[in-house]
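What the coordinates show
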Amino acid sequence: MEKDQTQFVEEIRANVAFEHLVAAIVSGAALAAAIFFVLDFAALVFAGALSAPNFLALILKSFTLCIMVFLIGFLAGALIVTRMFKALEKAKRRSVWPYLAASIGVTGFSLIMLFSLQNAGAPEMALIIAVIAAGLFIAFDFGRRMSPLWRAVERAEEQAVGTVRRLH
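Note that the structure is a prediction, hence the values are computed from the model and not measured.

Summing up its helical and strand segments, the protein has four helices and zero strands in all. Ordered by position from the N terminus, the helices and strands of the protein form the series α-α-α-α. Its C-alpha atoms give the protein a radius of gyration of 20 Å, more than 25% over the compact-globule value 15 Å for 168 residues. Taken over the C-alpha atoms alone, the protein extends approximately 70 × 30 × 25 Å along its principal axes. Scored against the burial criterion, the 168 residues of the protein give a buried share of 30%.

Following this line, the structure appears as structure tokens:
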């Protein structure tokens, strides 16, 4: 009976973490689109190529990047981060650094796959900067959103055990 309750609590924590991750992914996708838009818009202005068709193409490319960052982040969150969260919770490791490492890995893998597409050509520097910035932002935003929950869990665990004196 107690094992069922602990599994239930673990699943609730994992679901809450996934919800916070999705919120961070939405913010990161919007940030990636904004960075890409600003950098490409500046490139169009400096090149003297700003026109209505180029501006509309830039809006569509920014929107496509936003959707792609969200989809890749959501897939990585469902396949990697949720399992990683459960394993780290069992180990009582509650910090942003493992999630940052996972985000860097997913970002790197995504960029490598983008470079390996044959007909896509080389990605623009604005795209690379936007994707890397979004990956870093997602990890840190997830950590910011989860830190109050991690502190609350640590306080609850300390109260359940009693007074704990750390020797180191």
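Attention now goes to the packing of aromatic side chains. Across all of its chains, the model carries nine aromatic pairs by this definition. Geometrically, the ring pair formed by Y99 and F142 is edge-to-face, given 5.0 Å between the ring centres and 65° between the ring planes. You can see Y99 sitting in helix α3 (residues 97–116) and its partner F142 sitting in helix α4 (residues 125–161), a full 43 residues away along the chain. Here Y99 matches F142 in class, with each residue buried. Feature note: the residues F18, F70 and F74 constitute an aromatic cluster, connected by ring pairs.

Further remarks concern helix α2 (residues 52–90). Here α2 is 39 residues long and its end C-alpha atoms lie 54 Å apart, about the 57 Å a rise of 1.5 Å per residue gives. Largest kink in α2: about 45°, centred on G77. Directly after α2, the chain includes K92, whose backbone phi takes a positive value near 60°.

Turning to the side chain of E89, a few remarks are in order. Its location among the elements puts E89 in helix α2. A polar contact is formed between the side chain of E89 and the side chain of R94, at a distance of 3.1 Å. When near neighbours in sequence (up to four residues on either side) are disregarded, E89 contacts R13, R94 and W150.

Relative to the elements of secondary structure, T107 occurs in helix α3. In this structure the C-alpha to C-alpha distance between T107 and I132, which are 25 residues apart in sequence, comes to 6.4 Å. Aside from chain neighbours lying at most four places away, what touches T107 is V131, I132 and G135. Within the structure, T107 has its side chain in polar contact with the backbone oxygen of S103 (distance 2.8 Å).

In this structure, K92 is a non-glycine residue whose phi angle is positive, near 60°. Assignment of secondary structure puts K92 in the loop between α2 and α3.

Okay, the nonpolar core next. Residues F36, L65, V69, F85, Y99 and F142 are the most contacted members of the largest nonpolar core, which totals 29 residues. Within the residue set of this core, elements represented by two or more residues are α1 (2–47), α2, α3 and α4. When residues of this core are assigned to their parent elements, the largest contribution, ten residues, is made by α4. With sequence-adjacent residues up to four places away left out, F85 is seen in contact with R13, A14, A17, Y99, M146 and W150.

On the surface, a nonpolar cluster with roughly 590 Å² of combined accessible area is contributed by V45, F46, L50, F55, L56 and I59. Every element with two or more residues in the nonpolar patch is listed here: α1 and α2. With three residues, α2 is the single largest residue contributor to the nonpolar patch.

Calculation notes
Residues numbered from 1 in each chain as written. Predicted model: local features only at pLDDT ≥ 70, side-chain atom pairs only at ≥ 80, totals over all residues. Heavy atoms only, no water. Helix = DSSP H or I, 4+ residues; strand = E, 2+ residues; numbered from the N terminus. Rg over C-alpha atoms; globule rule 2.2 N^0.38 Å. Buried < 20%, exposed > 50% of the residue type's maximum accessible area, 1.4 Å probe, protein only. Phe/Tyr/Trp six-rings, centres within 6.5 Å; stacked < 30°, edge-to-face > 60°. Expected span 1.5 Å × (residues − 1). Bend = angle between axes of the 7 residues up to and from the residue. Polar contact = N/O pair within 3.5 Å; in protein donor to acceptor, adjacent residues only side chain to side chain. Contact = heavy atoms within 4.5 Å. Core = buried A, V, L, I, M, F, W, Y, C linked by side-chain atoms within 4.5 Å. Patch = residues over 30% accessible without salt bridge, like charges linked within 9 Å, V, L, I, M, F, W, Y side chains within 5 Å. Areas by Shrake-Rupley, 256 points an atom, 1.4 Å probe, with all protein chains shown as cover. Salt bridge = Lys/Arg side-chain N within 4 Å of Asp/Glu carboxyl O.

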